[in-house]
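Below are the chains, spelled out letter by letter.
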Amino acid sequence: MAEKYIKLFQEFPPVSTEAWKEKVVADLKGADFDRKLVWRTNEGFSVQPYYRQEDLEKLGYLDALPGEFPYVRGTKTSNNDWYVRQNIIVKDLEEANKKALDVLMKGVTSLGFVFNECTEVTVADMGILLKGICLESVEVNFMAKCFTNKIALAFAEYAAAGTWDPKNIVASVACDPFGNYLLYGRMKNGFEGSVEQVKGLIEKASQFPNYRVIAINGKNYGNAGASAVQELAFALAQGTEYLSALTEAGTAVDQVAKNIKFNLSVSSNYFMEIAKLRAGRLLWAQIVKAYEPKGEAACQMQVHAETGSWNKTFYDPYVNMLRTQTEAMSAALGGADSITVLPFNAIYEDPTTFSDRIARNQQLLLKEESHFDKIVDAGAGSYYIEELTASIADEAWKLFLAIQDQGGFLAAAKAGFIQAEVKAMAAKRDLNVATRRENLLGVNQFPNFSERLEKAELVEDALQPTDLTADDAEIETIKPYRGAQAFEAIRVATDRYAKTNKRPLAFMLTVGNLNFSKARSQFACNFFAVAGYEVRDNNGFASVEDGVAAAKQAAADIVVICSSDDEYAAFAPAAYDLLKDEAIFVVAGAPACTDELKAKGIENFIHVKSNLLEELKAYQSKLGVI
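The rules behind these values
Residues numbered from 1 in each chain as written. Predicted model: local features only at pLDDT ≥ 70, side-chain atom pairs only at ≥ 80, totals over all residues. Heavy atoms only, no water. Helix = DSSP H or I, 4+ residues; strand = E, 2+ residues; numbered from the N terminus. Rg over C-alpha atoms; globule rule 2.2 N^0.38 Å. Buried < 20%, exposed > 50% of the residue type's maximum accessible area, 1.4 Å probe, protein only. Contact = heavy atoms within 4.5 Å. Areas by Shrake-Rupley, 256 points an atom, 1.4 Å probe, with all protein chains shown as cover. Pairing = 2+ DSSP bridges. Axes fitted to C-alpha atoms, helices over the stretch in contact; angles between N-to-C directions. Polar contact = N/O pair within 3.5 Å; in protein donor to acceptor, adjacent residues only side chain to side chain. 1 Å grid on protein atoms, 1.4 Å probe; cavity = no way out; pocket = protein on both sides within 12 Å on 5 of 7 lines; lining within 4 Å. Points joined across faces, edges and corners; volume = space filled by probe spheres on them. Nonpolar A, V, L, I, M, F, W, Y, C, P; charged D, E, K, R; others polar. Core = buried A, V, L, I, M, F, W, Y, C linked by side-chain atoms within 4.5 Å. Parallel < 35°, antiparallel > 145°, perpendicular 65-115°, else oblique. Left-handed = near helix turned anticlockwise from the far one by under 90°.

Undergrad: Kindly report on the overall build of the protein, identifying the contributing residues and their values.
TA: A tally of regular secondary structure across the protein gives 23 helices and 15 strands. Relative to the compact-globule value of 25 Å for 626 residues, the protein shows a C-alpha radius of gyration of 28 Å, a close match. When its C-alpha atoms are laid out on the principal axes, the protein stretches across 85 × 75 × 50 Å. The buried share among the 626 residues of the protein stands at 54%. Sequence separation of 24 or more characterises 77% of the internal contacts of the protein that already satisfy a separation of 6 or more. Carbon and sulfur atoms form 52% of the exposed surface of the protein, whose accessible area is close to 28000 Å².

Laid out in structure tokens, this is it:
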């Protein structure tokens, strides 16, 4: 049998990369290969349309097995299991405890207690919050706006007083004074005070081998618009700052490293996010190794992945479930140690029982039905994923070194370098969203035409960036926000306007060539529905006169003529003259006769290269909506 297969494949000689490219170039019929097929990413490198085995020859880590340094393939050796975390917002200790006990019966293996208010938590409070919870059976995590240090100490004291085996307690507290420096603009206890505080926490937690008290909240960069490379590089630089500061203060590097947990965001760029987690483990292992730890296990990167908020929306919010599903898949395949899927409505209200259940089940489906937890590093050997891993690692390392050249993470933050990098990338992504190079389904593309926001006041906070800048801030801060906010503000304004006025109507005057007129009317309907306008499509009018008459009868506020480029020269001026000033007149497309039409007084044109955001703001102003 084997000989037959050998003979079969001998009939098909190997095809070189050059031959493949020659065939592709021939099929492009003169189009430029790079411009047509090569994708330039926000991460700073280009992605080819295909990869081959020879592309992996330069990669030096492919022989490492799962669980082996540099841990590209993960820290697990026999499976890909992860903790399913559900966050619980703590407003009342007893209610939070009741909810925790309930969700633990529904597949959750990790609890995230979130304190959004500044509340000092005592050991007695911890007893109420964790009553009935076996700390040897579930991971527990604490995130707080303030008093994180006291929460960490209270948990350690509570756990020490129990009958649990300290080795079996898995927990974390998101203590991150260096990261908070970029959120609040100041370090409350100063540099030395913060280092001493964290050092004390490490000493207190030393009796619990799996209790991590240092958080690297890289997710804050991702949620502020940073690229995958930037989020990773800044997180690594932040982790390195902790390693340096704490080892200089006398703490062993093994102790510091084992107390660090990276909290990273996951976006909808599916393969990029898988590769980001793999590249992160590769780089962190090399960084920790440079500090010469006693044990190689100290080089392992502990990652909690959380679905990001940057791409989430409150219009058509159920689409958020689709976003978080692919994000959870990326996190699982990338080898995250624990995952939080944020409920689809988390950006604009407290999660409900329904939204919590859906978010929880999204992970359980990946485990119980898709078996993502069974195979270690399922992406291994994929030419594309391996190449992305190497490319992200290269670019993140370059940015990491640039930060080190400035004196490290805190020095770069004081100089405004990190903030400037995040702002520049956020501005680039905002422009991509505005011009629809980056789509947010239901917001800047394919909106739900009939959706109406009944209580606009409920989403006021969701329309603003998260600004935690302290009054005594000494540096510029980063401000997590969502890419949809600018578009949502436009639609909210329309919904408010429609409470007391007629909702603006965009009327499609379809005339002439049916193929062109229908395609352009669909484009224009989508264009104006993004702003929440009522849109009315039509099958095609026999003449311009019929179309204008129908538009006037409908009391249209905007009339969009939809036809072919060749016919616009005659149709557009005729329609414009018949409408006079009774409605805003718009041409769908960018015909060759545009200059001639402008000379006749026609000012408004919409097409695929339009800046959708700026155009809609202008129409809002013309209509008196804002």
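Undergrad: Quick rundown of the sheet that holds strand β7 (residues 210-216)? Include the residues and the values.
TA: Taken in spatial order, the eight strands line up as β3-β4-β5-β6-β7-β8-β9-β10 and close into a barrel, and their pairing is parallel. Taken pair by pair, the neighbouring strands of this sheet meet at an average axis angle of 25°, ignoring direction. The pairing of strand β9 (residues 303-307) with strand β10 (residues 338-340) spans three bridges and is parallel. Each residue of the ladder has a partner; that of alanine 305, found in β10, is isoleucine 339.

Undergrad: Which residues make up the side chain of glutamine 362, and what values go with them?
TA: Note that glutamine 362 resides in helix α14 (residues 353-368). Leaving out residues up to four positions away in the same chain, glutamine 362 has contacts with Met321, Thr324, Gln325 and Val341.

Undergrad: Kindly report on the side chain of asparagine 217, identifying the contributing residues and their values.
TA: Along the polypeptide, asparagine 217 turns up in the loop between β7 and α9 (219-222). Within the structure, the side chain of asparagine 217 is placed 2.9 Å from the side chain of asparagine 263, a separation counted as a polar contact. Leaving out residues up to four positions away in the same chain, asparagine 217 has contacts with Asp176, Gln238 and Asn263.

Undergrad: Which residues make up the layout of surface pockets, and what values go with them?
TA: Here the second largest pocket defines a volume of roughly 690 Å³. Around the second largest pocket sit 31 residues that line it, and Asn42, Ser267, Asn269, Arg429 and Glu438 are the ones nearest its centre. Contributions of two or more residues to the lining of the second largest pocket are made by β1 (39-40), α10 (228-248), β8 (260-266), α12 (270-289) and α17 (417-434). When residues of the lining of the second largest pocket are assigned to their parent elements, the largest contribution, three residues, is made by α17. Tallied by class, residues from the lining of the second largest pocket come to seven nonpolar, 14 polar and ten charged.

Undergrad: Could you give an account of the nonpolar core, with specific residues and numbers?
TA: When a protein is soluble and globular, its nonpolar side chains tend to lie buried together. In terms of nonpolar packing, the biggest core is built from 124 residues, with Phe113, Leu130, Phe142 and Phe155 touching the most fellow members. Ranked by residues supplied to this core, first place goes to α10 with twelve residues. Not counting residues up to four positions away in its chain, the partners in contact with phenylalanine 113 are Ile88, Val90, Ala96, Ala100, Leu129, Leu130, Ile133, Asn141, Phe142 and Met143. The next biggest cluster of nonpolar side chains, apart from the first, holds 59 residues, and it includes Met508, Phe585, Ala588 and Leu623.

Undergrad: A description of the packing of helix α6 (residues 148-161) against helix α8 (residues 190-205) should follow, citing residues and the corresponding values.
TA: Taken N-terminus to C-terminus, the directions of α6 and α8 make an angle of 10°; their axes are 10 Å apart at the nearest point. Put simply, α6 runs roughly parallel to α8. Judged by the sense of rotation from one axis to the other, the crossing of α6 with α8 is left-handed. Together, Asn149, Ala152, Leu153 and Ala156 of α6 and Gln197, Leu201 and Lys204 of α8 make up the contact between the two elements. Within the contact of α6 with α8, the residues separate by chemical class into four nonpolar, two polar and one charged.

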